[in-house]
Amino acid sequence: MRSATNQNHATAGLRLLAAITAATLALIHTAAAASDDDGWQRFRDTYQELVETNTTLSAGDCTLAAQRMAARLRAAGYPEADLRVFVPEGHPKEGGLLAVLHGTDPGAKAILMLAHIDVVEAKREDWTRDPFTLIEEDGYFYGRGTSDMKAQAAIWVDNMVRFREQGIRPRRSIKLALTCGEETNAALNGAGWLASHERAAIDAEFALTEGVGGDLDEHGKRIALEILAAEKVSQHYTFEVTNAGGHSSRPVPDNAIYHLVRAVDRVSRYEFPVQLDDANRGYFLGMSKIYGGADGAAMAAIVANPADGAALALLDRNPDWHAMLRTTCVATMLSAGHAPNALPQRARANINCRIFPGVSVEEIRAQLVKIADDPAVTVSIPEVRGPAAQPAPLTPQILGPVEKVAHELWPGVPVVPALEPGASDAQFMNPAGIPTYGLDGIFVDPDYGHIHGLNERVRVRSVMEGRTFLYRLVQLYANQ
Ligand SMILES: [Zn+2]
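Note that the coordinates shown come from a computational prediction; the quantities given were computed from them, not determined experimentally.

A. Seen up close, the overall build of the protein. Tallying secondary structure elements over the protein gives 15 helices and 17 strands in all. Relative to a compact globule of 480 residues, whose C-alpha radius of gyration would be 23 Å, the protein shows 24 Å and is just as compact. Considered along the principal axes of its C-alpha atoms, the protein spans approximately 75 × 55 × 50 Å. Burial analysis of the protein (480 residues in total) assigns 52% to the buried set. Sequence-distant contacts in the protein: of pairs separated by 6 or more residues, those separated by 24 or more amount to 79%. Carbon and sulfur atoms form 56% of the exposed surface of the protein, whose accessible area is close to 20600 Å².

Here's what the structure looks like:
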């Protein structure tokens, strides 16, 4: 949204400047691609093919995307025995891909590169550019899934291709799993399906998937590389009011819409209490030194005393920090009424909560009943997504290689743990006994590249660097 507005209002001078910048960036990209190897163009083709294969639940086809990625592995020399497109029964378009590069040590457990290939819905009429065309503009890739998470999925496929072509024989086997259904709670979750139906095929010492990447400031300068230490649980709740309704010419106070909107308004004004665990404590302590100033002082203060109101007021202005400190609940959908000239018989709201690690789904439901503070409003749980997972511990075995490669690529940029306000497929993998870490080495702008929103984008430079980061990192892990 921001970039579209800027463009619409750009003066001719600014346009010229933008064109020069784009040309310069293009030159830098070409130079980087040429020096750092390495099949950038082929990677870009893979990425483009993934982005341009619509994988939304409504109109897309993950199975087709999986078949296309399988064809690339086949072309790189993988035998049929080592790759498989799987399609859960009754879900013909929600398939995925499994592949393996065999290691030299049969006694060593594999590592798993996991990515979801489905994307959030995107309407062409709402976007500035076609969401299902990969567009490179002013140093950014635009398109649905460019950031979440087809860049990383394409990097995994590209890794498999490069390892094979270069004859790399790691000690551990390297497995790939591309899955569908991560973005839609009601859909079949491919990672969950694999954990219950194909546990042996994905067996691994640990898995890597999406989570957190690097942070850029508003000028594109690197602040820190984050590694996911814990993540929240996403849970929907339904607020509902029903009554007899009636003719709209004779209103009564007992109106389903009024009951509902008052309850929703109370949710908007409620703040869950601050909670600290190792993940957000580590994040704020690490970041307090990097940020310095008032923000840095507030970060240190909140770790020392979670009840520090002045520090909290400062941190809460940043939606990311606000979300990292507590459970959040927000109204995301409303539906009410059945006719324009009738009193509503039913009003319903979807409240999406992001629950702090360790807090139960039922505990939050009970709290929402109190917040709604109206016996006419029922609060129910439409469906529970998956088991609540314990986060995988960040051991030196995991952190060491991250710090090594980060230092090679971005000397001086610190690595800090993070509590991810979103949720990933780690919630299905951790309970299945496969510790799963979220990291991608892709640095994002403060706006997070509009993931799930309009005009999703990611910096070209960030994808290039993330590709190099994950190429080196996976090899280090595979040889441990
Ligand atoms: Zn995602």
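Now that the structure has been shown, we can carry on.
B. Expanded view of the coordination of the zinc ion. The zinc ion binds to the protein through His 116 (NE2), Asp 148 (OD), Glu 210 (OE) and Glu 210 (OE), with metal-donor distances spanning 1.9 to 2.7 Å. Expressed as a motif, the donor residue spacing for the zinc ion is H-x31-D-x61-E. On the criterion of sequence distance, the pair formed by His 116 in strand β3 (residues 111-116) and Asp 148 in the loop between β5 (140-142) and α5 (150-165) is long-range, its members being 32 residues apart. This pair shows no difference in class: His 116 is buried, exactly as Asp 148 is.

C. Looking closely at the environment of Ala 122. Structurally, the position occupied by Ala 122 is in the loop between β3 and β4 (135-137). The spacing of Ala 122 and Phe 43 is 79 residues in sequence and 24 Å in space, taken between C-alpha atoms. Contacts of Ala 122, omitting those with residues within four sequence positions, involve Thr 56, Trp 127, Pro 131, Phe 132 and Arg 144.

D. Quick look at the packing of helix α8 (residues 278-291) against helix α9 (residues 293-304). The N-to-C vectors of α8 and α9 enclose an angle of 155°; their axes lie 8 Å apart at closest approach. Classified by the angle between their axes, α8 and α9 sit roughly antiparallel to one another. Where α8 crosses over α9, the handedness of that crossing is left-handed. In this structure, α8 uses Arg 281, Phe 284, Leu 285, Met 287, Ser 288 and Tyr 291 to contact α9, whose residues at the interface are Gly 293, Asp 295, Gly 296, Met 299, Ala 300 and Val 303. Looking at the contact of α8 with α9, its residues break down into 7 nonpolar, 3 polar and 2 charged.

E. Representation of the sheet that holds strand β17 (residues 457-459) in the model. Strand order in the open sheet formed by 3 strands is β4-β5-β17, and the pairing between neighbours is antiparallel. Either end of the sheet is taken by a strand with one partner, and the two such strands are β4 and β17. Across this sheet, the average inter-strand angle for adjacent strands is 25°, counted without regard to direction. Sheet topology note: the β5/β17 ladder contains 3 bridges and is antiparallel. Bridged to Tyr 140 within β17 is Arg 459. Here helix α15 (residues 460-478) sits on the sheet and contacts β4, β5 and β17; the angle it forms with β17, its principal contact strand, is near 70°.

F. Looking closely at the side chain of Asp 215. By secondary structure assignment, the location of Asp 215 is in strand β7 (residues 206-216). It is Arg 222 that comes nearest to the buried, bridge-free Asp 215 among opposite-charge side chains, at 11 Å. Residue contacts for Asp 215: discarding those within four places in its chain leaves Lys 221, Arg 222, Ile 223, Ala 224, Glu 226, Tyr 283, Met 287, Phe 443, Val 444 and Tyr 448.

G. Structural view of the packing of aromatic side chains. Considering all chains together, one arrives at 14 aromatic pairs under this definition. Judged by centre distance (5.5 Å) and plane angle (25°), the ring pair of Phe 163 and Tyr 471 falls under stacked. Highlighted residues: Phe 163 in helix α5 and Tyr 471 in helix α15, separated in sequence by 308 residues. Pair check on accessibility: Phe 163 and Tyr 471 agree, each one buried. One aromatic cluster is present, formed by Trp 40, Phe 43, Tyr 47 and Phe 141 through successive ring pairs. A cation over an aromatic ring shows up here: Arg 129 above the ring of Tyr 142, its NZ or CZ 3.7 Å from the ring centre. Lying over the aromatic face of Phe 443, Arg 222 brings its terminal NZ or CZ to 5.8 Å of the ring centre.

Reading the values: rules and limits
- Residues numbered from 1 in each chain as written.
- Predicted model: local features only at pLDDT ≥ 70, side-chain atom pairs only at ≥ 80, totals over all residues.
- Heavy atoms only, no water.
- Helix = DSSP H or I, 4+ residues; strand = E, 2+ residues; numbered from the N terminus.
- Rg over C-alpha atoms; globule rule 2.2 N^0.38 Å.
- Buried < 20%, exposed > 50% of the residue type's maximum accessible area, 1.4 Å probe, protein only.
- Contact = heavy atoms within 4.5 Å.
- Areas by Shrake-Rupley, 256 points an atom, 1.4 Å probe, with all protein chains shown as cover.
- Donors = N, O, S within 2.8 Å, 3.2 Å for Na, K, Ca; no water.
- Axes fitted to C-alpha atoms, helices over the stretch in contact; angles between N-to-C directions.
- Parallel < 35°, antiparallel > 145°, perpendicular 65-115°, else oblique.
- Left-handed = near helix turned anticlockwise from the far one by under 90°.
- Nonpolar A, V, L, I, M, F, W, Y, C, P; charged D, E, K, R; others polar.
- Pairing = 2+ DSSP bridges.
- Lys, Arg positive; Asp, Glu negative; His and termini not counted.
- Salt bridge = Lys/Arg side-chain N within 4 Å of Asp/Glu carboxyl O.
- Phe/Tyr/Trp six-rings, centres within 6.5 Å; stacked < 30°, edge-to-face > 60°.
- Lys NZ or Arg CZ within 6 Å of the ring centre and 35° of its normal.

No statement about biological role is implied by the geometric values presented.
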